[in-house]
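# Descriptive analysis of the structure
The primary structure of each chain is shown beneath.
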Amino acid sequence: GEDVEQSLFLSVREGDSSVINCTYTDSSSTYLYWYKQEPGAGLQLLTYIFSNMDMKQDQRLTVLLNKKDKHLSLRIADTQTGDSAIYFCAERSRGNTDKLIFGTGTRLQVFP
Amino acid sequence: NAGVTQTPKFQVLKTGQSMTLQCAQDMNHNSMYWYRQDPGMGLRLIYYSASEGTTDKGEVPNGYNVSRLNKREFSLRLESAAPSQTSVYFCASTDIRNQPQHFGDGTRLSIL
């Protein structure tokens, strides 16, 4: 079945780059998403990438997709304390239901 | 823009009580979803509604029922709450035409 995996924790120093990794199993995924969840809040869409793309850049965010290895990463440049949150990777499979399969989330902690 | 609105934000129930979680979206989206979020498990799909008048089970539907009241509203009902249903519940919506899901801020539900 479909599965999405992420490491649970990442700790980085303020100003460094953060790289959050995700692996997925469904090779028919059409879109892959990154969501951010701050404490006590809902999920905020950060960025997404279509499966026919290898890379997408949006200001400090860079998404890399390796379809062969079914590996997705999110790089945050110049990480700030405000970036501390849980980051979820999600895949959307083919079909008409728009169902998303979420990873367990990676808790990013940024320290001074 | 309100986006996706969930009520209530917090609720405490006793085992065996019933409760309906409300969700409304003002983006004219066709599809709506209910997820639960538990520590270390990411988000799991409970039920979804691909369009007004249709509902389908997700990954963890047992103990829940849903109603797609109209295009805007999608409610989740717990008929007889159990401690295992203590969780944070998120509603989401999307236009079926390949757009990302938009999430509400969640309902934090504790069952004693």
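This section reports on the structure supplied with the text. (Residues numbered from 1 in each chain as written. Chains lettered and ligands numbered in written order. Predicted model: local features only at pLDDT ≥ 70, side-chain atom pairs only at ≥ 80, totals over all residues. Heavy atoms only, no water.)

## Section: unusual backbone geometry
Put simply, the rule is: Secondary structure counts use DSSP, requiring at least four H or I residues in a row for a helix and at least two E residues in a row for a strand, with both numbered from the N terminus.
Across the junction of Thr7(B) and Pro8(B), the peptide omega takes the value -10°, indicating a cis bond. Here Pro8(B) lies in the loop between strand 1 (4–7) and strand 2 (10–13). With a phi close to 55°, Gln59(A) is a non-glycine residue in the positive phi region. Along the chain, Gln59(A) falls in the loop between strand 6 (55–58) and strand 7 (61–66). Phi angles above zero are rare outside glycine, and Asp78(A) is one such case at about 50°. Relative to the elements of secondary structure, Asp78(A) occurs in the loop between strand 8 (71–76) and strand 9 (85–92).

## Side note on the pattern of salt bridges
Rule in force here: Salt bridges are defined by distance alone: a side-chain nitrogen of Lys or Arg within 4 Å of a carboxyl oxygen of Asp or Glu. To sort residues, take the accessible area from a 1.4 Å probe on protein chains only and compare it with the maximum for the residue type: under 20% means buried, over 50% means exposed, and anything in between is partly exposed.
Counted by the stated rule, this structure contains 7 salt bridges over all chains. In this structure, Asp69(A) engages Lys68(A) in a salt bridge whose closest nitrogen and oxygen atoms are separated by 3.7 Å. Lys68(A) gets classed as exposed once you look at its relative accessible area, which sits at 74%. Ionic pairing is found between Arg44(B) and Asp38(B), a salt bridge with its closest N-O pair at 2.8 Å. Comparing Arg44(B) with Asp38(B), the two get one shared label, buried. Each of Arg36(B), Asp38(B) and Arg44(B) takes part in salt bridges that share partners, so that together they form one network.

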